[in-house]
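Architecture at a glance
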Amino acid sequence: MNPLKPGNAPRTPWIVGVSGASGTPYAAAVLRALLDAGEEVDLVVSRASRLTLLDETGLPFRDAHWREDLGQWLARGADGKPDSFGVDLARVRYWSAGDLAAGPSSGSYPVRGMLVVPASTACVAGVALGLSKDLLQRAASVTLKERRPLVVAVRETPLNGQTLRHLVTLDDLGAVVVPTSPAFYAGATHIQDLVDFVAGRVLDAAGIGHRLYRRWTGELGGGSADAAER
């Protein structure tokens, strides 16, 4: 079968890279929204992020059991309650962070772009300097060289001059830098609302449709009115 014939379009996923910064609920919200939007996803979870996930949620993430572990993670709410969400993982493909021969390590591997959420300062530095020390950094570097969308959701405060220079470098290279800063005009009443706002802004930067938060309409008090109705 000719894969280039009409009707046989190749799978073209979004790569989601999860680095070791605090903020695993942001990654979970982005992944759920991508799947809800019908998008294909290639997932790369760094070694450091597994420690963060375990610390923030008590959940492991193991290569040999990634589907089971991912399912538990994505079903969990930002408040820590299990089974808060239903998730279908049929459109997810997982690549080990140590697999530098994986599909996303090559520019010839078809993808739509990449979202790094959360992005640690070490990850930001590695991508800005082109270190490619693991698959996450390599995939981000490939995304930049192929001129595909790259969104970097940096999670750190305060930011020192070195990290700021690395972020400016990423901006110069064409990436979109999204600080994980929730807003309050959308009428947040729950921690999940704040997490979803940040996830929604990450998706906005990539041009992916979602309904994660109330958008600003120019009407003052809209968010508080929505919150009062809940």
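These numbers were taken from a predicted model, which means no experiment stands behind them.

**Points about helix α1 (residues 24-36)**
When the terminal C-alpha atoms of α1 are compared, their 18 Å separation across 13 residues agrees well with the 18 Å that a helix rising 1.5 Å per residue should span. In terms of residue burial, α1 counts as a mostly covered element, since eleven of its 13 residues are buried. Where α1 is concerned, the buried positions are T24, Y26, A27, A28, A29, V30, L31, R32, A33, L34 and L35. Positive phi appears at G38, one or two residues downstream of α1, with a value of about 80 degrees.

**As for the pairing of strand β5 (residues 150-154)**
Taken across its five residues, β5 has five buried, putting it largely inside the fold. Residues L150, V152 and V154 of β5 are buried on one face, and the alternating residues V151 and A153, pointing to the opposite face, are buried as well. Both strand β4 (residues 113-119) and β5 contribute to a ladder of four bridges, which runs parallel. Note on β5: the bridge partner recorded for V116 is V152. Both β5 and strand β6 (residues 176-177) contribute to a ladder of two bridges, which runs parallel. When the sheet's bridge partners are listed, V151 is paired in β6 with V176.

About the criteria used
Residues numbered from 1 in each chain as written. Predicted model: local features only at pLDDT ≥ 70, side-chain atom pairs only at ≥ 80, totals over all residues. Heavy atoms only, no water. Helix = DSSP H or I, 4+ residues; strand = E, 2+ residues; numbered from the N terminus. Expected span 1.5 Å × (residues − 1). Buried < 20%, exposed > 50% of the residue type's maximum accessible area, 1.4 Å probe, protein only. Pairing = 2+ DSSP bridges.

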